[in-house]
Amino acid sequence: MATIEMKNIVKKYGDGFPAVNDVSIDVADGEFLILVGPSGCGKSTLLRMIVGLEDITSGDMLIGGERVNDLAPRDRNLSMVFQNYALYPHLTVYENIAFPLRLAKKSEKEIDEKVREASKTLDLDEHLQRKPANLSGGQRQRVAMGRAIVREAKAFLFDEPLSNLDAKLRGQMRTEIARLQKKLGITTVYVTHDQTEAMTLGDRVAVMKRGILQQLASPRELYEQPVNLFVAGFIGSPPMNFLPATVEGGKVTLPFGTFPLPADKAAKTEGKGLLMAGIRPEHFEDVSVIEEGHVDTSRTFEAHIDVREWLGDQQYAYVPYEAEAKVQDQLKELARESDSDSLRTQLVVSLDAASKVSEDDDATLFIDTDKMHLFDPTSGDNLTVGL
Amino acid sequence: MKTDVKSRIGTAIGCALILIWCLLPVAWIISLSFKSQEAVTVGSPGFFPSKGGGAGWQNYQDVLADDQFRRAIFNSIGISLIATLLSVILATLAAYAIARLEFSGKKFVLTTALVIAMFPVVSLVGPLFDMWRTFGIYDTWPGLIIPYMSFTLPLAIWTLSAFFREIPWEMEQAAQVDGATSWQAFRKVIVPLAAPGVFTAAILTFFFAWNDFVFGISLTSTENARPIPAALSFFVGADPFNRPASLLAAGAVVATVPIVVLVLFFQRKIVAGLTAGAVKG
């Protein structure tokens, strides 16, 4: 039970490349913090600096108020679950879980009690005498967690613990981890590249890119009020649509037409030239499924539906559009940064499952400009944050 | 199906041929060791002793009753075991450092080790003979243990560092996070995982020491430190012109037994895939 304070943490490797650059995060006692970002963003390095497996180039790391920069991992009293579990293959499940206790020279009786308790919590009772090689992926994962929870560590650290499981098991384990953390109430730092895990597990989420902390906020705030283009594009699936936009006279001009914009948003973006508008797929709707008279006709446009994906509870429709080269380059750069690929400039809209739009057909769509964000295309900053 | 049967028969014949090729000399020496001295002298070409030519266990009893031979066995076992033990301990530590640490001169250490292993034994015997006499360790156990170690260490280091490289880094890191010192992580996690490698290195080292003849005969002068291979060559009996072939055969069989026992014992420890299950593959 402890707080973890990171103050201006920098990690530079031998070639001078900063893998983690000036990151400051305070993790409250009992908080569940997620570090998320595309691969190579420094999230794992940061976690390994907390646990002491990587040296800190500069900055201060405080655990429970005590500076731990120069402490060896064994003196920090943290427990960690590795991505590949790192179980001891020559020991039984029982001995694997008991390992930290034996190192701490606890009495045989105490070890037995604690191991039994951990194995009960994680439903491992029937596997205690087996070797890790004979266990399934999910069971190994639970053994790794057992080894972490068996001793009273100050905090839990998880390094992409679910990335080696199949999709179904991942969902179950995710819930299990959340439940365990709530039950034990221990400060937890969790590294993942999976945004579902990030959004569902965390009290707060830290989004990183190339070693720099982009935004530290609750999942809801990240989704609704992203501070820049990167966070906006990284969080959410399917991702936010980015369209070239200009704001003039309280109206925003998009490739599909000109729509009225709320006054406060317009005031902040008026006359700034070419901007990047960000709007999530669910902020569009097929006009035909909206009740008569509830449609604001000034905010509708005709679109040609290229491809449609029906998922049962909703459906996605794809609307290709032409964009000028400068905008296309920017969108490509953005996709590359968040580990995805954009092949063409297209709009993804999420429609009500009842909508009868068909592929290769025209439809009238409603766009909710109230929820739109406008970004400065050069700096990437969100000009309408908080509105 | 037809080719399957054919290939199986072929395999069986091939195996049988190789087995005969390898084991015939061994079988012959065992056969020889059960014949009486007289039968060998007059010429007894059969595989099984001819009528009245069998000696039963007499040759073995004679060999084991011989003080010189008993002493040689004791020397061989003692020297080989100590050389193996020291060599494996040193090689384990060295190989761990080579596999895990980045230090300047790592390549140099590895290549030097290889060069030493390739050095012809004979070229070193002369200088060693002179040096050992100056140091006063000529005809002593350490006088043999040291060259055995220096010739087996390189191979042991190469074998073991390959094993250590196979062990994921996370194993040690997990142990350290769990509260282990570097030494504890090495002893409780890494060494058990490298056990197959340790035993492989041990067998190789033991073979070298046990089978060595050149050092054994050149660096010893009395039964004080003379190992079996050298002792057998001195085993001429009463008449130097009429070597006791069947006694020598019995001695050779006795000298082979410890190696067979050792291999059978260590073979169980060399289980491949001990690291299976450590990490998600």
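Computed from a predicted model, the values in this text were never measured in an experiment.

Calculation rules
Starting afresh in each chain, residues are numbered from 1 along the sequence in its written order. Chains carry letters and ligands carry numbers; both start at the beginning, A for chains and 1 for ligands, and go up in the order they are written. For a predicted model such as this one, the threshold for reporting local features is a pLDDT of at least 70, and the threshold for listing and counting side-chain atom pairs is 80 or more; totals across whole chains, interfaces and linings nevertheless cover every residue. C-beta atoms are placed from the backbone for every residue, and two residues are taken to be in contact when these atoms lie within 7 Å. Labels follow the DSSP assignment, with helices taken as runs of H or I lasting at least four residues and strands as runs of E lasting at least two, numbered in each case from the N terminus. Here the nonpolar group is Ala, Val, Leu, Ile, Met, Phe, Trp, Tyr, Cys and Pro; Asp, Glu, Lys and Arg are the charged ones; every other residue, Gly included, is treated as polar. Strands pair, by our definition, only if DSSP identifies at least two bridges between them. Under this scheme, a helix contributes an axis fitted over its contacting stretch, all axes are lines through C-alpha atoms, and angles between N-to-C directions fall in the 0 to 180 degree range. Burial in this document is a count-based property: other C-beta atoms within 10 Å of a residue's C-beta are tallied, and the residue is buried at 20 or more, exposed at 12 or fewer, or partly exposed in between, with C-beta positions derived from the backbone. Delimitation of the domains relies on an automatic or database domain assignment.

S.K.: I'd like a description of the interface of chain B and chain A, backed by residues and values.
M.R.: Counting residues at the interface gives 22 residues for chain B and 26 residues for chain A. Per-element accounting of the side of chain B that touches chain A gives the leading share, six residues, to helix α8 (residues 169–177) of chain B. Looking at side-chain class alone, the side of chain B that touches chain A contains twelve nonpolar, seven polar and three charged residues.

S.K.: Hey, could you go over the sheet that holds strand β20 (residues 361–367) of chain A for me, with residue numbers and the actual values?
M.R.: Residue and element names in this part refer to chain A. Strand order across the open sheet formed by three strands is β15-β20-β16, with antiparallel pairing between neighbours. Across the chains shown, the open sheet's two edge strands, defined by having one partner strand only, are β15 (284–286) and β16 (300–305). Averaged over all adjacent pairs, the angle separating strand axes in this sheet is 45°, with direction ignored. Sheet analysis places β16 next to β20, joined by six bridges and oriented antiparallel. Paired with H304 across the strands is D362, a residue of β20.

S.K.: Describe the pairing of strand β11 (residues 241–248) of chain A, listing the residues and the values that go with them.
M.R.: Residue and element names in this part refer to chain A. Of all eight residues that make up β11, six are buried, and the element is covered over most of its length. Pairing of β11 with strand β12 (residues 251–254) involves three bridges; the strand directions are antiparallel. Directly across from E248, in β12, lies its bridge partner K251.

S.K.: Just give me the short version of the domain arrangement of chain A, but keep the residues and values in it.
M.R.: Residue and element names in this part refer to chain A. Entries for chain A in the domain assignment read domain 1 (4–229) and domain 2 (230–375). Computed over C-alpha atoms, the centres of domain 1 and domain 2 are 37 Å apart. Listed as interface residues are 13 residues of domain 1 and, on the opposing side, 14 residues of domain 2. Counting only elements with at least two residues in the side of domain 1 that touches domain 2, the list comes to β9 (204–209), β10 (212–217) and α7 (219–224). Residues belonging to the side of domain 1 that touches domain 2 are distributed by class as follows: seven nonpolar, five polar and one charged.

S.K.: Provide a residue-level description of unusual backbone geometry, including the pertinent values.
M.R.: All names here are of chain A. Cis rather than trans, the peptide bond between S237 and P238 has omega equal to -5°. You can see P238 is positioned in the loop between α8 (229–234) and β11. A positive phi angle, near 45°, is found at R210, a position not held by glycine. Its location among the elements puts R210 in the loop between β9 and β10.

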